[in-house]
Amino acid sequence: MREVILDNGRTLAVEEWGEAGGTPVVYLHGSPMSRLARHPDDSLFRELGVRLITYDRPGFGCSTPHEGRRVADAAADVAAVADALGLDRFAVFGVSGGGPHALACAAALPARVTRAAALASLAPRDADGLEWTAGMNEGNRRSAAAALSGRAAVVEHLANVGTAGLPPLPEVEQEVLSRPDVSAMLGAAFAEAVRPGLDGWVDDVVALFGTGWGFDPTAVRVPVRLWHGGLDTLVPPSHGEWLAARIPGAALRLQAGAGHGGHFDATPAMLGWLAAGAEDPA
C-alpha cells in the first residue's frame, strides 16, 4: 500500500496490480468497497498489459474521511493519485457506485483521461426523466429514502443494516457471489472498507443516493463505454440507458441475462478496450 498525502492533509491509500510498466487504468470501486476490490483473477491484468491502480475513496479503508464530498470531488483525488505516481494520461474504470466517480474523472480531466468505462453504474439522483428507484431492490430503495433525509438518517439506516442484515439477493446474483474467487475478494474488500467505521459508506450513500453529482454527464467528451445487466435489481438497467442517452458518443452493452455481478464477466473485454486506447491523442 502507498499513501498519497493531499495538499489539504487528507490521505488516500493506493494499491497497484498487474504490469508495473503497463497501461495505467485507475479503478473506482463500488460501495461499500475498498482499494482491495478488483477483478479476482490478478493474472488478467498482466495478460492485458494493464497497470491497475486502486484506491480507497475517502472514509474507506486507510483513506481519510471527507464529509460532504460529492461525486465530482473524485476527479481531484484521482488527479492527485496520478500525480504522485507520475502518470500523465490514464484510463478510468468504475463499477456500480464507482461508475459515477469514473465519469466524474472523464468530465473534469479530458486532457488526462484516455477512455472511461462504467459498469452497472448508477445515474445521478437528480436525473431528469428517470424514475430513479423503479425496479430497484428493497435495500437500495431504503438507502435512497434515507439519503434524501440527510446524513444523520443515513447513519441510522446503515447502523440498522448492520444488525438486521440485507434482504436476500436474486439467484442471478447469488450465482456470482458463490464463486470462491469472487467471494474471497469481496469479503476482504468489504472488511477493509468498513474496518475504520462507516464514514466512507455513509458519505457514499449521501453522494450517490441523495444528491446530484456536481457535474453534468453531457459534459463528458472522452470515449465512454457502458455495460449493464438486464436483470440487475441493485442498479436497474434504466440507469445505464439514461447515461447512454446523454453522454456524447457513449456505447452501451445491455446484457439481457446478467445481473449486477455480471460485471465481473464483462471486465476482461472492457479492460482490453481501455488498454487499446492508451495512445489516443490528448
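Everything in this summary refers to the structure shown in the same document. Here the structure is a predicted model, which means the values were calculated and not measured. (Residues numbered from 1 in each chain as written. Predicted model: local features only at pLDDT ≥ 70, side-chain atom pairs only at ≥ 80, totals over all residues. Heavy atoms only, no water.)

Moving on: the overall build of the protein. On a plain count of helices and strands, the protein comes out with 10 helices and eight strands. The globule rule puts the C-alpha radius of gyration for 282 residues at 19 Å, and the 17 Å found for the protein is close to it. Along the first, second and third principal axes, the C-alpha atoms of the protein reach 45 × 45 × 40 Å. Per-residue burial over the protein gives 55% buried out of 282 residues. For the protein, contacts bridging at least 24 residues in sequence account for 79% of all contacts bridging at least 6. Just so you have it, the protein exposes about 11200 Å², and 52% of that area is on carbon and sulfur atoms. For the protein, the distance from the average site of its 22 positive side-chain charges to the average site of its 33 negative ones is 2 Å. (Helix = DSSP H or I, 4+ residues; strand = E, 2+ residues; numbered from the N terminus. Rg over C-alpha atoms; globule rule 2.2 N^0.38 Å. Buried < 20%, exposed > 50% of the residue type's maximum accessible area, 1.4 Å probe, protein only. Contact = heavy atoms within 4.5 Å. Areas by Shrake-Rupley, 256 points an atom, 1.4 Å probe, with all protein chains shown as cover. Lys, Arg positive; Asp, Glu negative; His and termini not counted. Charge placed at Lys NZ, Arg CZ, Asp CG, Glu CD.)

A word on the packing of helix α2 (residues 74-84) against helix α3 (residues 98-108). The interhelical angle for the contact between α2 and α3, taken along N-to-C directions, is 75°, at an axis separation of 8 Å. Regarding the angle of α2 to α3, the classification is roughly perpendicular. Where α2 abuts α3, its residues A74, A75 and V78 lie against H101, A104, C105 and A108. (Axes fitted to C-alpha atoms, helices over the stretch in contact; angles between N-to-C directions. Parallel < 35°, antiparallel > 145°, perpendicular 65-115°, else oblique.)

Here we take up the nonpolar core. Ranked by internal contacts, the top residues of the largest apolar core, which has 60 residues, are F90, V92 and V224. Filtering out sequence-adjacent residues up to four positions away, F90 remains in contact with P24, V26, V78, A82, L109, R112, V113 and T114. Within the second largest apolar cluster, 29 residues are counted, among which are L52, A120, M185 and A189. (Core = buried A, V, L, I, M, F, W, Y, C linked by side-chain atoms within 4.5 Å.)

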